[in-house]
Amino acid sequence: MLTAMSARLSSQDQLRLPLTRDVPASAAAFVRSASNAFAHDALAVWPDSTGRVMALCGPAGCGKSHLAALWAERVGAVPLNGSEAVLADPLELEGRPVLLDIAQDADDETLFHLINLAQQDGGALLMVSRPSPRRWQVAVPDLRSRLDAVRVVAMEAPDDLVLSAILGARFAERSITPGDGVVDYLIRRIDRSAAAAADIVERLDAQHRPVTRTLARQVLETSADLFEEPGEGLQP
């Protein structure tokens, strides 16, 4: 099972993987809400009887990588990026859980062998991407059938509770105490993603002024790219 994956690379080319990975400090602040509860609860007890391969899917900025990092820390998973997975030394993956972020970027042969490798005792494979594996474009028929059978858990765009927590954390990182109503004002107007939350906080910080609702409105008026629906929602 490991032969094809190993044969493509010499030992000098293979990527030596860290046996542990530090989870970002913000991982402890993950907020469970209606937008992520199903995925959160599924990963809290997996691997389990539902199988050893799972896909975590959802829109950009919904917290997939954050939740996956929590899982990886809990089970001691080897972290891989889809595009670099071909460089992994298979011997380091035997009998270990693997976290494959942006999984659809992995080439077909590598992905096929990682799925097979996950079936070994102690193995598991969590694949993280935006679309479901059923929508990935693959050319290997056997891989197609395996991906169609993978259990998929989905996350939704951050709801008000999650987006409020993200904004609060980004403000705290910059030692900013926003004025009354600023966070509520922003969550009704910016795109529902962690990236948009970080971006608007950075733009507010760059003003070097107290972060008030008035300042938030002024910055948003020149930041149409952050609107969930550009041009709307700017009323006082």
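The shown structure was predicted, so the numbers you read here are calculated from the model rather than taken from an experiment.

Asks: Can you walk me through the nonpolar core in this structure?
Replies: In a soluble, globular protein the nonpolar side chains are often hidden away together inside. With 24 residues, the main nonpolar core has Leu93, Leu100, Leu111, Leu125 and Met127 as its most contacted residues. Elements with a contribution of two residues or more to this core: strand 1 (53–57), strand 2 (78–81), strand 3 (97–101), helix 4 (108–117), strand 4 (124–129) and helix 5 (141–148). Take this core: its biggest share by element is five residues, from helix 4. Those residues in contact with Leu125 that sit more than four places away from it in its chain are Trp46, Arg52, Val53, Met54, Val98, Leu100, Leu114, Ile115 and Ala118. If you look at the next biggest cluster of nonpolar residues, it comprises 22 residues, including Ile166, Ala197, Val201 and Val219.

Asks: How should helix 4 be read in this particular structure?
Replies: The element helix 4 is extensively covered by neighbouring structure, given that nine of its ten residues are classed as buried. The opening residue of helix 4, the one whose side-chain oxygen lies 3.2 Å from the backbone nitrogen of Glu109, is Asp107.

Asks: Explain the sheet that holds strand 1 here, please?
Replies: Strands pair in a sheet through their backbones, by hydrogen bonds, and they do so in one of two ways: parallel or antiparallel. With parallel pairing, the five strands of this open sheet are ordered in space as 2-3-4-1-5. If you trace the sheet from one side to the other, it starts and ends with strand 2 and strand 5 (151–154), each paired once. If you compare each strand with its neighbour and ignore which way they point, the axes differ by 20° on average. Where strand 3 meets strand 4, five bridges bridge the pair, whose relative direction is parallel. Opposite Leu100, over in strand 4, you have Met127 as the bridge partner. Contacting strand 1, strand 4 and strand 5, helix 2 (residues 37–44) crosses the sheet at an angle of about 135° to strand 5. Most of the contacts of helix 3 (residues 64–75) go to strand 3, to which it runs at about 165°, and overall it touches strand 1, strand 3 and strand 4.

Criteria and cut-off values
Counting starts from 1 at the beginning of each chain's written sequence and moves along it residue by residue. Per-residue local features of the predicted model are confined to residues with pLDDT of at least 70, and side-chain atom pairs are confined, for both listing and counting, to 80 or more; whole-chain, interface and lining totals are unaffected and use all residues. Only heavy atoms go into the side-chain values, all of them from the structure, while hydrogens and water stay out. Definition of nonpolar core: a set of buried residues of the types Ala, Val, Leu, Ile, Met, Phe, Trp, Tyr and Cys, connected through side-chain atoms within 4.5 Å. Here the term buried applies to any residue with accessible area under 20% of the maximum for its type, exposed to any over 50%, and partly exposed to those in between, with areas from a 1.4 Å probe on protein chains only. Starting at the N terminus, helices and strands are each numbered in turn, a helix being any DSSP run of H or I of at least four residues and a strand any DSSP run of E of at least two. Contact criterion: two residues are considered in contact whenever any of their non-hydrogen atoms come within 4.5 Å of each other. Polar contacts, as used here, are pairs of N or O atoms within 3.5 Å; protein pairs need one atom able to donate a hydrogen and one able to accept it. Residues neighboring in sequence count only if both atoms are side-chain atoms. In this analysis, strands are considered paired if DSSP registers two or more bridges between them. Comment: axis = line fitted to C-alpha atoms, over the contacting stretch for helices; angle = value between 0 and 180 degrees taken between N-to-C directions.

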